[in-house]
Amino acid sequence: MNELNDLISLFNEQNKLKPHHTSFVHIDSFEQYASPASNGAICALHFSECTFGRKFTSTFEFTSEENVLNYLRAHTI
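Residues numbered from 1 in each chain as written. Predicted model: local features only at pLDDT ≥ 70, side-chain atom pairs only at ≥ 80, totals over all residues. Heavy atoms only, no water.

Pulling in residues and values, what's your account of the nonpolar core?
In this structure, I27, L45, V68 and L72 are the most contacted members of the largest nonpolar core, which totals 13 residues. Sequence-distant contacts of V68, defined by excluding residues within four places in its chain, comprise L4, F30, C43, L45 and F62. (Core = buried A, V, L, I, M, F, W, Y, C linked by side-chain atoms within 4.5 Å. Buried < 20%, exposed > 50% of the residue type's maximum accessible area, 1.4 Å probe, protein only. Contact = heavy atoms within 4.5 Å.)

Structure representation (structure tokens):
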């Protein structure tokens, strides 16, 4: 869980709103499901995003915690 928290913090730092830009992505939360969803997902990341001035939220679901870690490792430097 420490690596997950560290990677989420790093992701949020790298994707925060920067001066003279209008786009950002922020992971708001990590959710672990009590039982698997119908699509097999056991957990999810919830995002707040702003792209070209349009704000929205999104959810990415994962079938394993290792998949979440791999996603975060691939999207952080």
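On we go from here.
Describe the sheet that holds strand 1 (residues 24–32), listing the residues and the values that go with them.
Read from one edge to the other, the open sheet built from three strands follows the order 1-2-3, with strand pairing classed as antiparallel. The outermost strands of the open sheet, each flanked by one partner alone, are strand 1 and strand 3 (54–62). Sheet twist, expressed as the mean angle between neighbouring strand axes with direction ignored, is 20 degrees. Of the strands in this sheet, strand 1 and strand 2 (43–51) are in contact with helix 1 (residues 2–14), which crosses strand 1 at around 160 degrees. The sheet contacts of helix 2 (residues 65–74) involve strand 1, strand 2 and strand 3, and relative to strand 2 the element is tilted by about 30 degrees. (Pairing = 2+ DSSP bridges. Helix = DSSP H or I, 4+ residues; strand = E, 2+ residues; numbered from the N terminus. Axes fitted to C-alpha atoms, helices over the stretch in contact; angles between N-to-C directions.)

Can you explain helix 2? Please cite residues and give values.
Restricting attention to buried positions, one finds in helix 2 the residues V68, L69, Y71 and L72. The buried side chains of helix 2 occupy one side of the element, clustering within an arc of 160 degrees when seen end-on. Summarising the contacts, the buried residues of helix 2 are in contact with helix 1, strand 1, strand 2 and strand 3. (Arc of directions from axis to C-beta.)

So what's going on with the packing of aromatic side chains? Residues and values would help.
Counted under the stated rule, the structure contains five aromatic pairs. Relative to F60, the ring of F47 has its centre 4.8 Å away and its plane inclined at 50 degrees; by these criteria the two rings are tilted. Highlighted residues: F47 in strand 2 and F60 in strand 3, separated in sequence by 13 residues. Using a relative accessible area of 2% as the deciding quantity, one classes F47 as buried. Relative to Y71, the ring of F62 lies with its centre 5.7 Å away and its plane at 55 degrees, an arrangement referred to as tilted. This pair shows no difference in class: F62 is buried, exactly as Y71 is. A connected cluster of aromatic rings, assembled from ring pairs, spans F11, F47, F60, F62 and Y71. (Phe/Tyr/Trp six-rings, centres within 6.5 Å; stacked < 30°, edge-to-face > 60°.)

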